[in-house]
Amino acid sequence: MATMERGNTQNARARPESEEARENDDRTPVKERLEGSAAAAMLDDPKIRRWAYRIGAAVVAGAATLLLTSWRLGLTVAVLVVIGDYVRQSRRSSTVTAWQKSSAAERRTEKQLKSLRRNGYLVLHARAVPRDDEGVSDGRIDHLVIGPSGVYAIDSEKWDKRLPVRTMSHLKLFHGPFNKKDRLDEARWEAQMASIILAERVGFDVPVQPSVAIYGPSIPWKVMRVRDVDVYAGNRARSYLRRRPKILTEGDVQRIFQAAEDALPPKYPD
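All figures in this text were calculated on a predicted structure; none of them were measured in a lab. Residue indices begin from 1 for each chain and proceed along its sequence in written order. Whole-chain, interface and lining totals are the exception, using all residues; otherwise, since this is a predicted model, local features are given only for residues with pLDDT of at least 70 and side-chain atom pairs are given and counted only at 80 or more. Remark: hydrogens and water are excluded; side-chain values derive from all non-hydrogen atoms of the structure.

Chemist: Can you walk me through the sheet that holds strand β4 (residues 165-168) in this structure?
Modeler: What holds strands together in a sheet is hydrogen bonding between their backbones, with the strands either parallel or antiparallel. Spatial ordering of the open sheet is given by β4-β5-β6, a layout of 3 strands whose pairing is antiparallel. Here the strands that pair on one side only, and so sit at the sheet edges, are β4 and β6 (178-179). Sheet topology note: the strand β5 (residues 172-175)/β6 ladder contains 2 bridges and is antiparallel. The residue of β6 that forms the bridge with Phe174 is Asn179. Strand pairing is assigned whenever DSSP detects at least two bridges linking the two strands. Only DSSP runs of H or I with at least four residues qualify as helices, and only runs of E with at least two residues qualify as strands; both kinds are numbered from the N terminus onward.

So, in structure tokens, the structure goes:
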């Protein structure tokens, strides 16, 4: 809500001013306002605030080290502070706001998939899967990947690393004593729904392969299909896609991507 400030006009009229004083009063506030607005605009930029924080922390750490040792070591410490904060912040960055604070598994997969763009892959993150006539459901595809080798619905999972992961006859997946059947069925349902929706949009069949990328525990295989869902270690998400045969043209990829962008809404709209 905008507010209007009112000056004390009675006091202003009571104090006679010279022409020079009035000119100075007219000029100085304008200059100060311009400088203030420029500074405010810079401070509103989160990148500038982050770099200001890094530089400030580096100066403090470097100065403290300089006083105790030498200027060379002080300079080294300052540089390391900047690099360390940059690396820490980059690990928390994500195109999905909801993932920037808590979803480490999704961020890690997202970073892997970025490099696949040069290979013709396009990715949508955190897309909601609508039900038939009931709007948006609780279903969410963490990463919908569309590329020359096909379409994939990848869900990123962070599991307790202390519990082993094992399968039984490609039909059951266990994390320690816990049967992950419901998680696999959910991933398969999300992919099936996406396949139906996309096929209706583009006019041809669009198979969507569900998969689960698991972070935390050791996975004793490269890729295993369990209940029609591909399961693999999270750090293999990129290699899982790169070495598959091409089945889609560049035009197909673009059509499917546009259809997915229109038909599968963001789970966390800005």
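Chemist: What exactly am I supposed to notice about the packing of helix α6 (residues 181-202) against helix α8 (residues 250-263) here?
Modeler: For any two helices packed against each other, one specifies the crossing angle of their axes together with the interaxial distance. Contact geometry for α6 and α8: axes closest at 9 Å, N-to-C directions at 115°. Our pair here, α6 against α8, has a crossing hand that is right-handed. Every residue of α8 that contacts α6 at Ile197, Leu198, Arg201 and Val202 is listed here: Arg255, Ile256, Ala259, Ala260, Asp262 and Ala263. The residue inventory of the contact of α6 with α8, partitioned by class, reads 7 nonpolar, no polar and 3 charged. Helix axes are fitted to C-alpha atoms over the stretch in contact, other axes to C-alpha atoms as well, and angles between N-to-C directions run from 0 to 180 degrees. Each crossing gets its handedness from the near helix: less than a right angle anticlockwise from the far helix is left-handed, clockwise is right-handed. Here a residue-residue contact requires only that any non-hydrogen atoms of the pair lie within 4.5 Å. We call Asp, Glu, Lys and Arg charged. Ala, Val, Leu, Ile, Met, Phe, Trp, Tyr, Cys and Pro are nonpolar, and the rest, Gly among them, are polar.

Chemist: Would you take a moment to explain the packing of aromatic side chains for this structure?
Modeler: In this description, a pair of aromatic rings is defined by centroid distance and the angle of the planes. Here the aromatic set is Phe, Tyr and Trp, taking the six-membered ring for Trp, and pairing holds for ring centres within 6.5 Å; pairs whose planes are under 30 degrees apart are stacked, those over 60 apart are edge-to-face, and all others are tilted. In this structure the tally under the stated criterion is 2 aromatic pairs. Ring centres of Tyr152 and Tyr240 lie 5.7 Å apart, and the angle between their planes is 75°; on these two criteria the pair is classed as edge-to-face. Placement of Tyr152 in strand β3 (residues 150-158) and of Tyr240 in helix α7 (residues 237-242) is noted, with a sequence separation of 88 residues between them. For the pair Tyr152 and Tyr240, one class covers both residues: buried. Pairing Tyr232 with Tyr240 gives two aromatic rings, centres 4.4 Å apart and planes at 25°, and the pair type is stacked. The buried label applies to any residue whose accessible area, calculated with a 1.4 Å probe on protein chains only, is under 20% of its type's maximum; exposed applies above 50%, and partly exposed to all values in between. By relative accessible area, which is 0% here, Tyr232 ends up buried. Since its relative accessible area comes to 4%, Tyr240 is described here as buried. A connected cluster of aromatic rings, assembled from ring pairs, spans Tyr152, Tyr232 and Tyr240. Lying across the ring of Trp159, Lys180 places its NZ or CZ 4.7 Å from the centre. Whether a charge lies above a ring is judged from NZ of Lys or CZ of Arg, which has to be within 6 Å of the ring centre and within 35 degrees of the ring normal.

Chemist: So what exactly am I meant to see when it comes to the pattern of salt bridges here?
Modeler: A side chain with one charge can pair with a side chain of the opposite charge if their charged atoms come near. Salt-bridge detection follows one rule: a side-chain nitrogen of Lys or Arg within 4 Å of a carboxyl oxygen of Asp or Glu. Counted under the stated rule, the structure contains 11 salt bridges. Close ionic contact of Lys181 with Asp185 constitutes a salt bridge, the shortest N to O distance being 2.7 Å. Residue Lys181 and its partner Asp185 are both found in helix α6; the two are separated by 4 residues, about one turn of the helix. Under the relative-accessibility criterion, Lys181 is labelled partly exposed at 37%. Residues joined by salt bridges that share partners form a network here, namely Asp155, Glu157, Arg183 and Glu186.

These results come straight from atomic positions and should not be treated as a statement about function.
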